[in-house]
Amino acid sequence: PSGDRFEPVGLGGRKKLQDFFLDRKVARRDRDAVPLVVDAADRIVWVAGHGIDEAFRVTDPAQAVVIFKVRRV
């Protein structure tokens, strides 16, 4: 939904998903097709192909991670 917010890495603040897409020049007709990964609390972790939330970036090389790949079919 357009009211969803997250904090893209490097931005230094929260941003509406709608505004993030606008800044990235993602066409309105394409936005619903962009996968979102969310956590159990429904916080946006990753906007597939565009950016991750600052709170979820890897900061320690020993940190456990999950790797997702997005493929167009």
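Heads up: the structure comes first, above all this text.
The notes below deal with the structure included here. Since this is a predicted model, take the numbers as computed values, not measurements.

## Section: the pattern of salt bridges
Step number 1: All told, the structure shown has three salt bridges when counted by the stated rule.
Step number 2: For the salt bridge of Arg43 with Asp39, the shortest nitrogen-to-oxygen distance reads 2.6 Å.
Step number 3: Among the salt bridges present, the one from Arg57 reaches Glu54, with a minimum N-O distance of 2.5 Å.
Step number 4: Classification of Arg57 by relative accessible area gives partly exposed; the value is 36%.
Step number 5: For Glu54, a relative accessible area of 25% translates into the label partly exposed.

## Let's talk about the environment of Lys16
Step number 1: The residue Lys16 is located in strand S2 (residues 15-16) in this model.
Step number 2: Take Lys16: its relative accessible area is 32%, and that puts it in the partly exposed class.
Step number 3: For the pair Lys16 and Gly51, spaced 35 residues apart in sequence, the C-alpha to C-alpha distance is 13 Å.

## A closer look at the side chain of Asp39
Step number 1: Mapped onto the elements of the fold, Asp39 is located in the loop between strand S3 (36-38) and strand S4 (44-47).
Step number 2: Of the polar contacts made by the side chain of Asp39, one reaches the side chain of Arg43; its length is 2.6 Å.
Step number 3: When near neighbours in sequence (up to four residues on either side) are disregarded, Asp39 contacts Val45 and Phe56.

## Focus on the sheet that holds strand S5 (residues 51-52)
Step number 1: The strand order across the open sheet formed by three strands is S3-S4-S5, and the pairing between neighbours is antiparallel. Both edges of this open sheet fall to S3 and S5, since each of them pairs with a single strand only.
Step number 2: Two elements, S3 and S4, share three bridges in a ladder whose sense is antiparallel. Note that in S4 the partner of Val38 across the bridge is Ile44.

Calculation notes
- Residues numbered from 1 in each chain as written.
- Predicted model: local features only at pLDDT ≥ 70, side-chain atom pairs only at ≥ 80, totals over all residues.
- Heavy atoms only, no water.
- Salt bridge = Lys/Arg side-chain N within 4 Å of Asp/Glu carboxyl O.
- Buried < 20%, exposed > 50% of the residue type's maximum accessible area, 1.4 Å probe, protein only.
- Helix = DSSP H or I, 4+ residues; strand = E, 2+ residues; numbered from the N terminus.
- Polar contact = N/O pair within 3.5 Å; in protein donor to acceptor, adjacent residues only side chain to side chain.
- Contact = heavy atoms within 4.5 Å.
- Pairing = 2+ DSSP bridges.

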